[in-house]
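Each chain is listed here by its residues.
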Amino acid sequence: MKTRLAIFVITLLLLPYMGLLLSDGQLNGSTLPLDTSLIPLIAAVSVILLLALMSNYWGASRSGNNLFRLQRNYYLAMALTSGMLGWLLVYLNLYTHSWLDTGDSSVASLLIQSLLFATLAPAILSIRALLGSFAGLLKLLSRNFAVPSPAHDTTAFILIPLALIGSLGGAAWPAALFWLYWTAPLLLLIALQMLWHESSIFAGLTNGDWSRIVTAAISGLIVCNAALITFELAGGTLLIELPNMAFQQLGFALFGLICLQLGDVIAEAWRGKTRAQVSKKKTFPIPVVVKK
């Protein structure tokens, strides 16, 4: 798990910069993720926390399982991961300027932004769990057309070049390849899962089960739109520099998928023995003891 996450982060840190060098461009370090006014940031954090708590309470009332209590350490780990993911996306945005803000940074605003980023993934996973408690919805989404999938190694060797091209080319030519650039993190994460012989969030598609990815995408849309709308209603300013609103919504859905896939990776720490430990070969010969 740690190796995959390290490769994931290092690759996304290095390749965009290499792509920028290929295009002889310059990194604009003045782009910030959000306006530095504290009130809009605090309002956004409050709404996302409220969404997370309400969805968890509703889900607990339906299933009888309070996930924030039963899986407290997991959600704390996801909060930390979500905070790091948020700043990683901010770094990636320096190369494409998909969102812009001209405000000056401050320590207080950076801390609240970190808190906002840390709440996003737990809220998305909580809402996804709530959606998963509706049997009718799961039944509807689990009986759809199946998507054939090649072997894990074949899939990985298809996705890795796409992720590398997206990370390099998107930074070099953001106007043309921004869509592949922002898809590259998910493609890279899925490819690493395949190389480590772990399943991805798209594994159910081979059986026609679309429930995981659809509910994750819907959760991403709900949480990200709630954060953005609250931020702007509270007086914050965030300029989205994308061709149309459809790309913005697709980005929110994509963020939900990335959070779900990262959630699967982080969850491996709570699964007990690893695959290698489970399949460890026994030494031969095996002694046989016969009691008289």
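Description of the structure in this document.

What counts and how
Throughout this description, residue numbers start from 1 for each chain and increase along the sequence as written. Given that this is a predicted model, residues contribute local features only at a pLDDT of at least 70 and side-chain atom pairs are listed and counted only at 80 or more, while totals for whole chains, interfaces and linings are drawn from all residues. The basis for the side-chain values is all heavy atoms of the structure; hydrogens and waters are excluded. Axis angles are defined between N-to-C directions and span 0 to 180 degrees, where every axis is a line fitted to C-alpha atoms and, for a helix, only to the segment in contact. The way it works is that DSSP assigns letters per residue, a run of H or I at least four long becomes a helix, a run of E at least two long becomes a strand, and they are numbered from the N terminus. Handedness of a helix crossing follows the sense of rotation of the near helix relative to the far helix, less than a right angle counterclockwise being left-handed and clockwise being right-handed. Polarity classes work like this: nonpolar for Ala, Val, Leu, Ile, Met, Phe, Trp, Tyr, Cys and Pro, charged for Asp, Glu, Lys and Arg, and polar for all others, with Gly in that last group. Nonpolar core, defined: a set of buried Ala, Val, Leu, Ile, Met, Phe, Trp, Tyr and Cys residues in which side-chain atoms within 4.5 Å join the residues together. Residue burial is assigned from relative accessible area. The probe radius is 1.4 Å, only protein chains are included, and a residue is buried under 20% of its type maximum, exposed over 50%, and partly exposed in between. Residue contacts are defined here by distance: any two heavy atoms, one from each residue, within 4.5 Å place the two residues in contact. Throughout, bend refers to the angle between the axes fitted to the seven residues that end at a position and the seven residues that start at it. The pairing test for Phe, Tyr and Trp rings, Trp by its six-membered ring, is centres within 6.5 Å, and the orientation test on the planes gives stacked under 30 degrees, edge-to-face over 60, and tilted for anything in between. By definition, being over a ring means that NZ of Lys or CZ of Arg is both within 6 Å of the ring centre and within 35 degrees of the ring normal.

Focus: the packing of helix α7 (residues 152-172) against helix α8 (residues 174-195)
Now for step 1: Running from N to C, α7 and α8 cross one another at 145 degrees; their axes reach a closest spacing of 6 Å. Like other packed secondary-structure pairs, α7 and α8 cross with a definite hand, here left-handed.
Now for step 2: Partitioning the contact of α7 with α8 into residue classes produces 19 nonpolar, six polar and one charged.

Re the nonpolar core
Now for step 1: F8, I48, L85, L89, V223 and F255 are the most contacted members of the largest nonpolar core, which totals 67 residues.
Now for step 2: Within the residue set of this core, elements represented by two or more residues are α1 (2-22), α2 (38-63), α4 (72-96), α5 (107-132), α7, α8, α9 (211-233) and α10 (245-267).
Now for step 3: Per element, the largest residue contribution to this core is twelve residues, and it comes from α8.
Now for step 4: With residues up to four places along the chain from it excluded, the contact list for L85 reads F255, I258, C259 and L262.

Observations regarding α8
Now for step 1: In the structure, α8 departs most strongly from a straight axis at A184, where the bend amounts to approximately 40 degrees and where the proline P185 lies between one and four residues downstream.
Now for step 2: Two residues or fewer past α8, H197 is found with a positive phi of approximately 60 degrees.

So, the packing of aromatic side chains
Now for step 1: Summed over the entire model, instances satisfying the criterion amount to eight aromatic pairs.
Now for step 2: Ring centres of Y74 and Y75 lie 5.4 Å apart, and the angle between their planes is 80 degrees; on these two criteria the pair is classed as edge-to-face.
Now for step 3: With a relative accessible area of 13%, Y74 lands in the buried category.
Now for step 4: Note on Y75: relative accessible area 8%, which makes it buried.
Now for step 5: Members of the aromatic cluster, joined through ring pairs, are F68, Y74 and Y75.
Now for step 6: Over the ring of F134 we find R62; its NZ or CZ atom is 3.9 Å from the centre of that ring.

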